[in-house]
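Examining the three-dimensional arrangement
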Amino acid sequence: MKAIGIHGQPGVPELVWEEAPDVTYGPDEVLVDVWATAVNRADLSQARGSYPPPSGASEILGLEMAGVIREVGSDVDVWQPGDRVCALLPGGGYAEQVAVPAGMLLRLPDAWSYEQGAAVPEVWYTAFVNLFLEGQLQPGQVALIHAGASGVGTAAIQLVVAAGARAFVTVGSPEKQQTCRELGAELAINRKTEDFLEAVMAATGGTGVDVILDPVGADYLSRNVRALARYGRLVHIGLLSGAKAELDLGQVMGKRLHLIGSTLRSRPLTEKIAITCRFEQEVWPRLVSGKLRPIIDRVFPIADAQAAHEYVRANRNTGKVVLAVRPEGD
């Protein structure tokens, strides 16, 4: 099969579509012909050598995919060859084939393209888990979503609004502000021209927000803590600005705040299967019906993965950047 290989100097990766060893699969797994995958920030970090895959996971990039089952393991009885599926992966999506535990699969709707399917698992699971399972967001509460025009951000806005809560976001351009408003964000803050803490406190009458979803890290920590309401929850899902910052514990104690660190990729398989089941019950039907929708910015051919990574690294995308492994219609 072919897959994306990582070449070049340390920290300056060159992504090449090339021959790779064939994939093997176990009795409780299926072998899937990948039709589409997608770009995530974790892929950029792994390509630069700063985010290795979990033990036992594929070294190939790619945390999600959509495709067609080619073969099923001996212990698999729910799925059949020919079924169209999508799934969250610990790695291996940037390839023609991938092995997936049967419990991680979602059935792709007939009306959906593979590109749509590939745009869902990583960002929608991340938004769902961290807003509701970790952040315990409730109807009527306020969530602040940093990087609101990202894949996770565009999913999170829709989930917050669908839950009867209020969505505030930070973004980097007027165009992204407008897109987020169209998705339901009540407040869209341009981080380049406004201070998000001042904007949040003005919009809440000085009360603050209940949940913050933050992929930024160090640079935002102090303002995040001050922007939280009493009993607020700060959920860290990334470290784009670094991992170390000073923390005012007086604010944390006085407002009885919860600071939560969260990752998805390194969780045990049993936990990820449980998350998949909850997502399939609580969110997937609304995506299938069209009440919620994955936001796709651009689709690149898999051979242009290098350009796709550079596009995401430059923050040019609104929503997901997808990689087409096989042209639709083949």
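Our structure's up above, just so we're on the same page.
Parameters at a glance
Residues numbered from 1 in each chain as written. Predicted model: local features only at pLDDT ≥ 70, side-chain atom pairs only at ≥ 80, totals over all residues. Heavy atoms only, no water. Helix = DSSP H or I, 4+ residues; strand = E, 2+ residues; numbered from the N terminus. Rg over C-alpha atoms; globule rule 2.2 N^0.38 Å. Contact = heavy atoms within 4.5 Å. Lys, Arg positive; Asp, Glu negative; His and termini not counted. Charge placed at Lys NZ, Arg CZ, Asp CG, Glu CD. Patch = residues over 30% accessible without salt bridge, like charges linked within 9 Å, V, L, I, M, F, W, Y side chains within 5 Å. Areas by Shrake-Rupley, 256 points an atom, 1.4 Å probe, with all protein chains shown as cover. Salt bridge = Lys/Arg side-chain N within 4 Å of Asp/Glu carboxyl O. Buried < 20%, exposed > 50% of the residue type's maximum accessible area, 1.4 Å probe, protein only. Pairing = 2+ DSSP bridges. Axes fitted to C-alpha atoms, helices over the stretch in contact; angles between N-to-C directions. Phe/Tyr/Trp six-rings, centres within 6.5 Å; stacked < 30°, edge-to-face > 60°. Core = buried A, V, L, I, M, F, W, Y, C linked by side-chain atoms within 4.5 Å. Arc of directions from axis to C-beta. Polar contact = N/O pair within 3.5 Å; in protein donor to acceptor, adjacent residues only side chain to side chain.

1. What about the overall build of the protein?
Along the backbone of the protein there are 11 helices and 15 strands. Whereas a compact globule of 330 residues would reach a radius of gyration of roughly 20 Å, the protein reaches 20 Å, a difference of no more than 12%. Expressed along its principal axes, the backbone C-alpha trace of the protein runs to roughly 55 × 45 × 35 Å. A fraction of 67% describes how many contacts in the protein between residues 6 or more apart in sequence connect residues 24 or more apart. Across the protein, the centroid of the 30 positively charged side chains sits 8 Å from that of the 38 negatively charged ones.

2. Considering a nonpolar patch on the surface
Together, Leu-247, Leu-249, Met-253 and Leu-259 give the surface a local cluster of nonpolar side chains, amounting to about 390 Å² of exposed area. Summarising the element assignment, Leu-247 is placed in the loop between strand E12 (228-236) and helix H8 (249-254). The partly exposed category is assigned to Leu-247, whose relative accessible area is 35%.

3. Notes on the sheet that holds strand E11 (residues 209-214)
Read from one edge of the open sheet, six strands run E10-E9-E8-E11-E12-E13, paired in parallel fashion. This sheet does not close on itself; its edge strands, each paired only once, are strand E10 (187-190) and strand E13 (258-261). Looking at each pair of strands side by side, their axes are set apart by 15° on average, direction ignored. Pairing between strand E9 (residues 166-171) and E10: four bridges, direction parallel.

4. Quick notes on the packing of aromatic side chains
Working definition: an aromatic ring pair is given by the centre-to-centre distance plus the angle between the planes. If you walk through the whole model with that rule in mind, you get seven aromatic pairs. For the pair Tyr-125 and Phe-279, a centre-to-centre distance of 4.6 Å together with 45° between the ring planes defines the contact as tilted. Here the residue Tyr-125 occupies a position in helix H3 (residues 121-134), and Phe-279 occupies one in helix H9 (residues 269-282), the gap between them amounting to 154 residues. Exposure remark for Tyr-125: the relative accessible area of 0% places this residue in the buried category. With relative accessibility at 0%, the residue Phe-279 sits in the buried group. When the centroid spacing of 6.2 Å and the interplanar angle of 45° are considered together, the rings of Phe-128 and Phe-132 count as tilted. Note that Phe-128 and Phe-132 are positioned in helix H3 at a spacing of four residues, about one turn of the helix. For the pair Phe-128 and Phe-132, a shared accessibility class is recorded, and that class is buried. Each residue in the set Tyr-125, Phe-128, Phe-132 and Phe-279 is aromatic and connected to the rest through ring pairs, giving one cluster.

5. A word on the pairing of strand E14 (residues 296-301)
Relative to strand E15 (residues 320-324), E14 runs parallel, the two being bridged by five bridges. Bridged to Phe-300 within E15 is Leu-323.

6. Overview of the nonpolar core
With 89 residues, the main nonpolar core has Met-65, Val-100, Trp-124, Leu-131 and Phe-279 as its most contacted residues. Tallying contributions element by element places H3 first for this core, with eight residues. Once residues within four sequence positions are removed from consideration, Met-65 is found in contact with Val-32, Val-34, Ala-36, Thr-37, Val-85, Cys-86, Ala-87, Leu-89, Val-98, Val-100, Leu-105 and Ala-118. Val-216, Ala-227, Leu-228 and Leu-234 belong to the second-largest nonpolar core, a separate cluster that totals 19 residues.

7. A short note on the pairing of strand E6 (residues 97-101)
Most of E6 sits inside the fold, with four of its five residues counted as buried. Here strand E3 (residues 29-39) runs beside E6; their pairing, made up of five bridges, is antiparallel. Its bridge partner being in E6, Val-32 is matched across the sheet by Val-98.

8. Comments concerning helix H5 (residues 174-183)
Along H5, the positions that sit buried rather than exposed are Lys-176, Gln-177, Cys-180 and Leu-183. Each buried residue of H5 sits inside an arc of 125° when the element is viewed along its axis, so together they form one side. Opposite the buried face of H5, by more than 90 degrees, sit the exposed residues Pro-174, Glu-175 and Glu-182. The elements touched by buried residues of H5 are helix H4 (151-162), E9 and E10. Among the residues trailing H5, Gly-184 stands out with phi positive, at a value near 120°.

9. Describing unusual backbone geometry
Positive phi outside glycine occurs at Ala-147, with the angle close to 55°. Examined against the element boundaries, Ala-147 turns out to sit in the loop between strand E8 (142-145) and H4. On the basis of relative accessible area, Ala-147 is assigned to the partly exposed category, the value being 30%. Of note in this structure, Asn-315 is not a glycine but carries a positive phi near 60°. The exposure class assigned to Asn-315 is partly exposed, which follows from its relative accessible area of 39%.

10. Concerning the side chain of Ser-173
Here Ser-173 is to be found in the loop between E9 and H5. The class for Ser-173 is buried, based on a relative accessible area of 17%. Within polar-contact distance, the side chain of Ser-173 engages the backbone nitrogen of Lys-176 at 3.1 Å.

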